[in-house]
Amino acid sequence: MKREFSFWEREEWLKSPDLLVVGAGIVGASAALFYKEKNPDHDVIVVDKGFAPEGASTRNAGFACVGSVSEHLADLEIAGEETVMNRIERRWNGLKRLKSTMGEEAIGYESVGGHEIFTDDQLFEQCRNKVNWLNQKLAEKIGEAEVYSVKEFEGYPAIFNRLEGAINSGLLMRSLHQKLAEAGVRVLWNSKVSSVEPNRVEFEEGVVLTPKKILSAVNGFTSNIIDKPIQPARGFVIVTEPIEDFKWRGTFHHDRGYVYFRNVGDRLLLGGARNLAKEEETTDQFGVNPKIKEYLYGFANDVLKLPSNWKVDIEWSGIMGMTENKEPILEQVESGLFVAAGLSGMGIAVGMEVASQAVNLIEND
Ligand SMILES: Cc1cc2nc3c(=O)[nH]c(=O)nc-3n(C[C@H](O)[C@H](O)[C@H](O)COP(=O)(O)OP(=O)(O)OC[C@H]3O[C@@H](n4cnc5c(N)ncnc54)[C@H](O)[C@@H]3O)c2cc1C
């Protein structure tokens with residue numbers, strides 16, 4: 001049944017805005033905030049299909065990082081040196097923008113440093129041999145010396161990244177939405193968009209708005225409304241009950257960034273291993289893959305050597321948006337219609353940078 005609206009709803013709530021952003025994750029919410037700060041008289045609305053952001057921004061692992069050595073080496077093979085160095089710079093600038101926009105307290109930032117731990121001697125040797133080269137490149141690119149250093153952690157060969165930190169992703173998104181409210185940006189939840197075209201956004205219930213400009217920031221869900229080469233990729237995460245004498249404190253990477261873990265207080269957060277079932281995990285449906293779950297439980301027992309009585313408190317999945325070379329898609333699709341998506345698993349780091357670039361595009365239209 002087509003929904004009916006009152007005069008008041010039509011005149012005040014369904015008035016078409018100057019900018020409508022689809023997607024209330026870190027990219028959409030930040031873009032709306034930056035745009036409103038520059039254009040305080042414009043009416044800006046963010047819409048989201050969930051009752052809260054329901055993609056990756058509140059379902060991630062909370063690593064504020066520029067990447068591990070084995071991840072960079074794998075990326076160098078796919079994308080080449082210039083792209084990878086520019087990406088590291090973008091991640092670094094994005095993290096600085098995140099901290100300066102929000103303040104460290106509002107995102108629960110902890111400057112803990114990050115270790116990549118190795119169980120494969122050959123991979124460790126390859127990475128160790130590249131540490132000096134990478135350090136030199138990073139010093140030139142982002143002005144930070146000796147970022148990576150070879151260490152040992154809990155008996156494993158490791159490479160430490162002194163720039164890495166951890167955040168509280170839930171707090172970040174709550175604080176960001178608080179800023180949106182203070183700036184006068186309206187957010188409409190439970191509002192699933194079924195199609196977008198210049199000056200026209202249609203919702204599942206049949207409601208149509210005619211905004212002057214539209215930004216699609218739905219990341220892993222992009223291909224449902226705009227035809228762009230972004231693949232959904234599901235990621236799985238568990239958080240344990242508190243563990244006595246818990247040793248793995250800080251942030252940790254393993255196996256080219258595919259496996260990641262950190263402490264949250266005395267708990268372990270562990271996730272990833274999507275590479276074990278890449279095809280099955282190319283989906284925008286939330287859910288648990290038993291193969292991945294079994295691997296991660298085994299990793300907690302055999303590699304992290306948790307005490308035998310450890311228990312999972314909560315587990316969940318989130319949906320990322322991947323591009324072929326991991327570069328985000330940031331473009332004007334048609335007059336008045338823009339897309340910022342394909343954060344490729346790095347949205348905490350690059351999300352606000354991408355959002356700010358999207359606002360520049362929108363303003364130059
Ligand atoms: C398990 C996991 C772990 C991760 N860990 C990290 C990490 O440690 N560090 C890091 O930097 N990055 C990490 N990421 C990636 C990071 O979370 C994402 O890159 C980032 O959150 C993407 O933000 P976004 O705003 O582009 O997309 P999202 O946060 O996915 O936001 C898109 C929004 O669009 C909404 N939406 C979708 N379709 C529609 C529609 N048709 N109509 C209306 N609304 C719609 C969704 O509900 C969603 O809220 C992780 C991701 C996952 C899944």
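Predicted, not measured: the structure shown is a model, and the values here were computed from it.

**Comments concerning the site of the ligand**
Around the ligand lies a shell of 37 residues, among which Asp48, Glu54, Ser57, Phe63 and Gly347 are the nearest. Between the ligand and isoleucine 348, the relevant distance is 3.0 Å, taken from an oxygen atom to a main-chain nitrogen or oxygen of the residue. For the ligand, whose unbound accessible area comes to 1,000 Å², protein coverage reaches 97%. Broken down by secondary-structure element, the contributors of at least two residues to the shell around the ligand are α2 (26-38), β13 (231-240), β17 (312-322) and α9 (347-363).

**A short note on the side chain of glutamate 71**
Its location among the elements puts glutamate 71 in helix α3 (residues 69-79). Within the local environment of glutamate 71, its side chain forms a polar contact with the side chain of arginine 91, the two groups lying 3.1 Å apart. When near neighbours in sequence (up to four residues on either side) are disregarded, glutamate 71 contacts Arg91, Arg256, Gly257 and Lys326.

**What to know about the UniProt feature "domain: FAD dependent oxidoreductase" (unreviewed entry) in the protein chain**
Under the UniProt annotation, "domain: FAD dependent oxidoreductase" (unreviewed entry) lies at residues 18-355. Structurally, residues 18-355 comprises 30% helix and 28% strand, and the distance from its first C-alpha atom to its last is 17 Å.

**Points about the nonpolar core**
Among the nonpolar cores identified, the biggest contains 61 residues, and Leu98 and Tyr148 are the most heavily contacted of them. In terms of residue count, α9 provides more of this core than any other element does, nine residues in total. Excluding residues within four positions of it along the chain, leucine 98 makes contact with Ile26, Gly103, Ile107, Leu172, Ile348 and Met352. Core analysis: the second largest hydrophobic core is formed by 24 residues, Ala273, Ile292, Ala300 and Val303 among them.

**Regarding the state of the cysteines**
Here the structure, examined in full by the defined rule, presents zero disulfides. Free cysteine: cysteine 65, not disulfide-bonded; nearest cysteine sulfur from cysteine 127 at 15 Å. Judged by relative accessible area, cysteine 65 falls into the buried class, the value being 8%. Exposure remark for cysteine 127: the relative accessible area of 0% places this residue in the buried category.

Definitions and cut-offs
Counting from 1, residues in each chain are numbered in the order their sequence is written. Owing to the predicted nature of the model, reporting of local features is limited to residues with pLDDT of at least 70; listing and counting of side-chain atom pairs is limited to 80 or more, with chain, interface and lining totals taken over all residues. Values reported for side chains reflect all heavy atoms of the structure, with hydrogen atoms and water molecules removed beforehand. Each residue is tested against the molecule or strand, and it is near if at least one of its non-hydrogen atoms lies within 4 Å. Identification of polar contacts relies on pairs of N or O atoms within 3.5 Å, with a donor-acceptor requirement for protein atoms, meaning one able to donate a hydrogen and the other able to accept it, and with residues adjacent in sequence counted only if both atoms are side-chain atoms. All accessible areas in this document rest on Shrake-Rupley with a 1.4 Å probe, and a residue is counted as covered only by the protein chains that are shown. Per the convention used, a helix needs a DSSP run of H or I reaching at least four residues, while a strand needs a run of E reaching at least two, with both numbered from the N terminus. In this description, contact between two residues means that some pair of their heavy atoms is separated by no more than 4.5 Å. UniProt positions are given in the numbering used here, feature names are shortened, and annotations may be inferred rather than shown by experiment. Joining through side-chain atoms within 4.5 Å is the link that ties buried Ala, Val, Leu, Ile, Met, Phe, Trp, Tyr and Cys residues into a set, and such a set is a nonpolar core. The rule is simple: take the accessible area with a 1.4 Å probe, protein chains only, and divide by the maximum for that residue type; under 20% is buried, over 50% is exposed, in between is partly exposed. Note that a disulfide, as used here, is simply two cysteine sulfur atoms within 2.5 Å.

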